[in-house]
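One letter stands for each residue in the lines below.
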Amino acid sequence: MPSFSQHSFKGQKALIRVDFNVPLSDQLEITDDTRMRATLPTIQKILKDGGSVILMSHLGRPKDGPSDKYSLKHLVRHLSELLGGMPVLFAGDCIGEQAIHAANLLKPGEVLLLENLRFHKEEEKGDEAFAKKLAQLGDVYVNDAFGTAHRAHASTAVIAKFFPADKRMFGLLMESEVKSAEKVLHEARKPFVAIIGGAKVSDKILIMENLLEKATDIIVGGGMAYTFLKAQGGKIGNSLCENDRFGTALDLLAKAESKGVCIHLPADSIIADKFDADAETSASPSNQIPDGWMGLDIGPNACEQFCNVIKKSRTILWNGPMGVFEMENFRHGTKAIAMGIADATRNGAFSLVGGGDSVSAVNLFGLADKVSYVSTGGGAMLEYFEGRELPGIAAINNPS
Ligand code: AMP
């Protein structure tokens, strides 16, 4: 595989798979541009070499073809600003006449953004014919989308086979993501704490199993903690819960014990009488939440409990908020954990933060430069810890 830095893109059209899946407000304004900024060095290197750039990405989860809400055209103006005011061309479809025409007209030093890949269902299906059509737009394929590297989609994995070995490579972002994930996977200094939060229990329980092989401690926060607490017989009121995951949760706790890994559940929670920013709130032990109330953040004792674990750790991995941090009343736990990680990092720990929401949180609290590495990939980063090669990485290294 050629090194991106050593490749000259002069006169070449680089087709870059980026992860521009940024959060948009109801007014369709970008609320966090971390993923866009992260890929700028890759774009700039190609332009500096005298090449041109064709960017392809997905945005959100459109169900039935094109829709304004998920159009990448909403990113054009901001991308142009990030590139110092240079114009960014836009093709209203990622394949077909419009895309071919725009790509053919592209001159060295120009940037073209293609419309949302997921407006075609073939993208997520990993359809070969669709991948081939995309491949025809560029001379070189660059994968800089670590956030989707765990998906075997047309633009992230299948497309690579249509480029010779010296014309397919990782971008600078992908290279640094893999390097920092490897640092945690292969060179973790102990104690190693994995902090897992957020809502999607079913996604994260399976990945946690693999962290049992690596971590000294696993902190579980956010909505997913209540499935563990209820499985243990706790009362969680109306808190988020996946009843079909009790067996998995108990199994995980038992496995952790047999391996000597400490799983930490929040001692207390900030509870609310409704899922609302203006809800009535109170503090409660996490396993004694009254009916009609729900845990929306970790409580003050849990903050202290978790920060004590973080403080003694030399390697820290964080994915997922500790509560509904989007609402001010339920933000404190996530902020306390972020500050604890920043403190530990200042004292020499290596900290890797990943996942869209954790990244938004460290940005919100102004702590992004106080941790060792902020990853742009949540699921991809954690799946990497299963020891599996991700499809987006395998496709470049050894396409089938
Ligand atoms: P995930 O995408 O699985 O990492 O989940 C992130 C989402 O989980 C955020 O939008 C949070 O608001 C939400 N979340 C975190 N804690 C809770 C909780 N206790 N109850 C409900 N939602 C939560």
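The structure presented is a predicted model; accordingly, all values stated were derived computationally and were not measured. (Residues numbered from 1 in each chain as written. Predicted model: local features only at pLDDT ≥ 70, side-chain atom pairs only at ≥ 80, totals over all residues. Heavy atoms only, no water.)

## Regarding the pairing of strand 4 (residues 111–114)
Okay, step 1: Side chains of strand 4 alternate between two faces, with Val111 and Leu113 and Leu112 and Leu114 buried alike.
Okay, step 2: With 3 bridges connecting them, strand 2 (residues 52–56) and strand 4 associate as parallel partners. Residue pairing for strand 4: Ile54 is matched across the bridge by Leu112.
Okay, step 3: As paired elements, strand 3 (residues 88–91) and strand 4 share 4 bridges and run parallel to each other. Residue pairing across strands places Phe90 opposite Leu113, the latter belonging to strand 4. (Buried < 20%, exposed > 50% of the residue type's maximum accessible area, 1.4 Å probe, protein only. Helix = DSSP H or I, 4+ residues; strand = E, 2+ residues; numbered from the N terminus. Pairing = 2+ DSSP bridges.)

## Quick look at the domain arrangement of the protein chain
Okay, step 1: Along its sequence, the protein chain is carved into domain 1 (13–173) and domain 2 (188–385).
Okay, step 2: Each of domain 1 and domain 2 has a C-alpha centre, and the two are 33 Å apart.
Okay, step 3: Counting residues at the interface gives 10 residues for domain 1, matched by 12 residues for domain 2.
Okay, step 4: Together, the buried faces of domain 1 and domain 2 total about 900 Å²; carbon and sulfur atoms form 56% of this surface.
Okay, step 5: Considering only the surface of domain 1 that becomes buried against domain 2, Arg35, Phe146 and His150 emerge as the three largest contributors, covering 53% of it.
Okay, step 6: Joining domain 1 to domain 2, the criterion identifies 0 salt bridges. (Domains from an automatic or database assignment. Contact = heavy atoms within 4.5 Å. Buried area = accessible area lost by both parts, 1.4 Å probe. Salt bridge = Lys/Arg side-chain N within 4 Å of Asp/Glu carboxyl O.)

## Examining the pattern of salt bridges
Okay, step 1: For the structure on display, the rule yields 14 salt bridges.
Okay, step 2: For the salt bridge of Arg37 with Asp33, the shortest nitrogen-to-oxygen distance reads 2.8 Å.
Okay, step 3: A salt bridge links Glu128 to Lys161; its shortest N-O distance comes to 2.6 Å. Taken as a pair, Glu128 in helix 6 (residues 128–135) and Lys161 in the loop between strand 5 (140–143) and strand 6 (168–170) lie far apart in primary sequence, 33 residues in all.
Okay, step 4: The exposure class assigned to Glu128 is partly exposed, which follows from its relative accessible area of 43%.
Okay, step 5: Judged by its relative accessible area of 31%, Lys161 is partly exposed.
Okay, step 6: One network of salt bridges, in which partners are shared, links Glu209, Asp251 and Lys255.

## Re the environment of Arg35
Okay, step 1: Counting through the fold element by element, Arg35 comes out in helix 1 (residues 34–38).
Okay, step 2: You can call Arg35 buried: its relative accessible area is 18%.
Okay, step 3: In sequence terms Arg35 and Glu175 are 140 residues apart; their C-alpha atoms lie 15 Å from each other.
Okay, step 4: Looking at Arg35, its side chain comes within polar contact range of the main-chain oxygen of Asn21, at 2.5 Å. (Polar contact = N/O pair within 3.5 Å; in protein donor to acceptor, adjacent residues only side chain to side chain.)

## Some details on the sheet that holds strand 10 (residues 262–264)
Okay, step 1: Taken in spatial order, the 6 strands line up as 10-8-7-15-16-17 in an open sheet, and their pairing is parallel. Both edges of this open sheet fall to strand 10 and strand 17 (373–374), since each of them pairs with a single strand only.
Okay, step 2: In the sheet, strand 7 (residues 192–196) pairs with strand 15 (residues 315–319) via 5 bridges, with the strands oriented parallel. If you follow Ile195 over to strand 15, its bridge partner there is Trp318.
Okay, step 3: The strands touched by helix 12 (residues 332–346) within the sheet are strand 7, strand 15 and strand 16 (350–354), with strand 15 carrying the most contacts at an inclination of about 155°. (Axes fitted to C-alpha atoms, helices over the stretch in contact; angles between N-to-C directions.)

## Here's the deal with the site of the ligand
Okay, step 1: In the vicinity of the ligand, 14 residues are found, and the nearest of them are Ala199, Lys200, Lys204, Gly295 and Glu326.
Okay, step 2: A distance of 2.8 Å is found between an oxygen atom of the ligand and a backbone nitrogen or oxygen belonging to Ala199.
Okay, step 3: Between Gly223 and the ligand, the recorded distance is 3.1 Å, taken from a backbone N or O atom to a nitrogen atom.
Okay, step 4: Notes on the ligand: free accessible area 510 Å², of which the protein chains cover 85%. (Near = heavy atom within 4 Å. Areas by Shrake-Rupley, 256 points an atom, 1.4 Å probe, with all protein chains shown as cover.)

## Quick word on helix 6
A turn of α-helix holds 3.6 residues, and therefore any two residues three or four places apart point the same way.
Okay, step 1: Looking at helix 6, one finds that the buried residues are Phe130, Ala131, Leu134 and Ala135. All buried residues of helix 6 lie within an arc of 140° about the axis, which places them on one face of the element.
Okay, step 2: Of the surrounding elements, those touching the buried residues of helix 6 are strand 1 (13–17), strand 2 and helix 5 (122–125). (Arc of directions from axis to C-beta.)

## Section: the side chain of Gln12
Okay, step 1: Structurally, the position occupied by Gln12 is in the segment before strand 1.
Okay, step 2: Residues in contact with Gln12, not counting those within four places in the same chain, are His7, Gly51, Ser52, Asp139, Val140 and Lys167.

## Here we look at the sheet that holds strand 11 (residues 268–272)
Okay, step 1: Reading across the sheet, the 3 strands line up as 12-11-14 and stay open at both edges, with antiparallel pairing between neighbours. In this open sheet, the two strands that pair with only one neighbour each are strand 12 (281–285) and strand 14 (294–298). When strand polarity is set aside, the average angle formed by the axes of neighbouring strands in this sheet is 45°.
Okay, step 2: Bridge analysis of strand 11 against strand 12 gives 5 bridges, and the strand direction is antiparallel.

## Points about the nonpolar core
Okay, step 1: Among the nonpolar cores identified, the biggest contains 75 residues, and Leu114, Ile218 and Phe228 are the most heavily contacted of them.
Okay, step 2: The element contributing the most residues to this core is helix 7 (residues 172–187), with 6 residues.
Okay, step 3: For this core, the two domains that each supply at least three residues are domain 1 (13–173) and domain 2 (188–385).
Okay, step 4: Discounting chain neighbours no more than four positions away, the residues touching Ile218 are Ala194, Ile196, Met208, Leu211, Leu212, Val261, Cys262, Ile263 and His264.
Okay, step 5: Residues Ile43, Leu72, Leu79 and Val140 belong to the second largest nonpolar core, which totals 28 residues. (Core = buried A, V, L, I, M, F, W, Y, C linked by side-chain atoms within 4.5 Å.)

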